[in-house]
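# Working through the structure, step by step
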Amino acid sequence: MKVKVQKLDGQASGDIELNDAVFGVEPRADILHRVVTWQLENRRGTARPTRERSDVARTGKKFGRQKGSGGARHGDRSAPIFIGGGKAHGARKRDFEQSLNKKIRALGLKMALSSKAREGLVVVDSLELQDAKTKVLAETFGKNGWNGRVLVIDGETVADGFRLAANNLPGVNVLPAAGANVYDILKHDTLVLTKAAVEKLEARFNG
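Residues numbered from 1 in each chain as written. Predicted model: local features only at pLDDT ≥ 70, side-chain atom pairs only at ≥ 80, totals over all residues. Heavy atoms only, no water.

## Some thoughts on the overall build of the protein
Worth spelling out the cut-off: Runs of E in the DSSP output that reach at least two residues are strands. Runs of H or I that reach at least four are helices, and both are numbered from the N terminus. Every radius of gyration here is taken over C-alpha atoms, with the globule rule written as 2.2 Å times N^0.38, N being the number of residues. Three exposure classes are used, based on accessible area relative to the maximum for each residue type with a 1.4 Å probe and protein chains only: buried under 20%, partly exposed in between, and exposed over 50%. Note on contacts: a residue pair qualifies if any of its non-hydrogen atoms lie within 4.5 Å across the two residues. Areas reported here follow the Shrake-Rupley algorithm with a probe of radius 1.4 Å; residue values treat only the protein chains shown as occluding. Residues scored as positive are Lys and Arg, those scored as negative are Asp and Glu, and His as well as the terminal groups of each chain are ignored. Charge positions come from single atoms, namely NZ of Lys, CZ of Arg, CG of Asp or CD of Glu.
Tallying secondary structure elements over the protein gives seven helices and six strands in all. By the compact-globule yardstick of 17 Å for 207 residues, the protein is too spread out, its C-alpha radius of gyration being 28 Å. By principal-axis analysis of the C-alpha atoms, the protein measures approximately 95 × 40 × 25 Å. The buried share of the protein, taken over its 207 residues, is 37%. Counting contacts in the protein only where the partners sit at least 6 residues apart, residues at least 24 apart contribute 72% of the total. In the form shown here, the protein has an accessible surface area of approximately 12,700 Å², with 47% of it arising from carbon and sulfur atoms. Averaging the positions of the 36 positive and the 24 negative side-chain charges in the protein gives two centres separated by 17 Å.

This is the structure we're talking about:
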């Protein structure tokens, strides 16, 4: 698949041949759904469980005699009504982590990239800015028609000037190629890849 390459200012900068095994895969909603669900579930933190009566390290000796005290009958000090006792009906530990086959995860990323290659993929030669200012970058985005949510993926690392200038732009997120993932790619309207990012992504699957 051949795609036009442009500079950040919108000027043409040649063509690039995209690997069909990475950018030409037929997307499947069920695979993408599985990968996105796996990502979001694994982001959920595990709630700290409370200690119930059986978890509290207190003596098991009977608190007082069964009758004759004039008070209620109790078994031991770990009862929930005592200070230091266990929690009654406390929060239980819930672990949301899911496992997903590596092949499915890789296939999902290929499908996400392929879906953007069909509708909203832009390839630029690099992210180097002469004037690394947010205002200038916002004007560049508007000139190129990159509206809404924009995800920019660079190669090994993101150019510092571009990253700092893009920090304050609403809806714009920047990632290195190693951080590319299905959820972030799908939730953005436009995907911008550098030539270095294309090389890294293709090498990620070929390796």
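## Digging into the nonpolar core
Under the convention used in this document: Among buried residues, those of type Ala, Val, Leu, Ile, Met, Phe, Trp, Tyr and Cys that are joined through side-chain atoms within 4.5 Å constitute a nonpolar core.
Residues F23, L113, I153, L191 and L193 are the most contacted members of the largest nonpolar core, which totals 33 residues. Excluding its chain neighbours within four sequence positions, the residues that come into contact with F23 are M1, L18, L113, S114, A117, L121, L193, V198 and E202. V122, F141, A166 and V192 belong to the second-largest nonpolar core, a separate cluster that totals 17 residues.

## What about the sheet that holds strand β4 (residues 150–153)?
As a reminder, the rule being used: Only strands joined by at least two bridges in the DSSP assignment are considered to pair. Helix axes use the C-alpha atoms of the stretch in contact, all axes being lines fitted to C-alpha atoms, and the angles between their N-to-C directions lie in the range 0 to 180 degrees.
Read across the open sheet, the six strands follow the order β2-β1-β3-β6-β4-β5; overall the sheet is mixed. The strands lining the two open edges of the sheet, one partner per strand, are β2 (12–17) and β5 (172–175). Direction aside, the axes of adjacent strands within the sheet are offset by 30 degrees on average. Bridging between strand β1 (residues 2–6) and strand β3 (residues 121–124) involves two bridges; their strand directions are parallel. Among the inter-strand pairings, V5 is bridged to a residue of β3, identified as V123.

## Some details on the environment of A178
Assignment of secondary structure puts A178 in the loop between β5 and α6 (182–187). Separated by 155 residues in the primary sequence, A178 and F23 have C-alpha atoms spaced 17 Å apart.

## Overview of the packing of helix α3 (residues 102–119) against helix α7 (residues 195–206)
Cut-off, in case you're wondering: Convention used here: angles under 35 degrees read as roughly parallel, angles over 145 as roughly antiparallel, angles from 65 to 115 as roughly perpendicular, and any remaining angle as oblique. Crossings are sorted by hand: turned counterclockwise from the far helix by less than a right angle, the near helix makes the crossing left-handed, and turned clockwise it makes it right-handed. Residue polarity follows a fixed list, in which Ala, Val, Leu, Ile, Met, Phe, Trp, Tyr, Cys and Pro are nonpolar, Asp, Glu, Lys and Arg are charged, and the others, Gly among them, are polar.
Relative to each other, α3 and α7 sit at 150 degrees, their axes nearing to 11 Å. Relative to α7, the element α3 lies roughly antiparallel. Here α3 and α7 pass one another in a crossing that is left-handed. Counting all contacts with α3, which are made through A106, L109, K110 and L113, the residues of α7 involved are L201, R204 and F205. Class assignment of the residues belonging to the contact of α3 with α7 gives a composition of five nonpolar, no polar and two charged.

## Let's talk about α7
As a reminder of what qualifies: Here a helix's expected span is defined as the number of its residues, less one, multiplied by 1.5 Å. Comment: arc refers to directions from the helix axis out to C-beta atoms.
Across its 12 residues, α7 extends 17 Å between first and last C-alpha, which sits within 8% of the 16 Å expected from 1.5 Å per residue. Among all positions in α7, only A197, V198, L201, E202 and F205 are buried. The buried residues of α7 occupy one face: seen down the axis, they fall within an arc of 125 degrees. In this structure, α7 carries E199 and N206 as exposed residues pointing more than 90 degrees from its buried face. On the buried face of α7, the contacting elements are β2, α1 (20–23), α3, β3, β4 and β6 (190–194).

## Here's the deal with the pattern of salt bridges
For clarity, the threshold we go by: Salt bridges are defined as contacts in which a side-chain nitrogen from Lys or Arg sits within 4 Å of a carboxyl oxygen from Asp or Glu.
For the coordinates displayed, the defined rule picks out eight salt bridges. The shortest N-O distance in the salt bridge between E52 and R92 comes to 3.1 Å. Pair noted here: E52 is in the loop between α2 (29–43) and α3 and R92 is in the loop between α2 and α3, with a separation of 40 residues, a long-range link. Residue classification places E52 among the buried positions, given a relative accessible area of 16%. With its nearest N and O atoms 3.8 Å apart, the salt bridge here joins D76 to R53. In this pair, D76 sits in the loop between α2 and α3 while R53 sits in the loop between α2 and α3, placing the two residues 23 residues apart along the sequence.

## Description of the environment of A88
Looking at the secondary structure, you find A88 in the loop between α2 and α3. A relative accessible area of 39% places A88 in the partly exposed class. With 35 residues separating them along the chain, A88 and R53 place their C-alpha atoms 7.3 Å apart.

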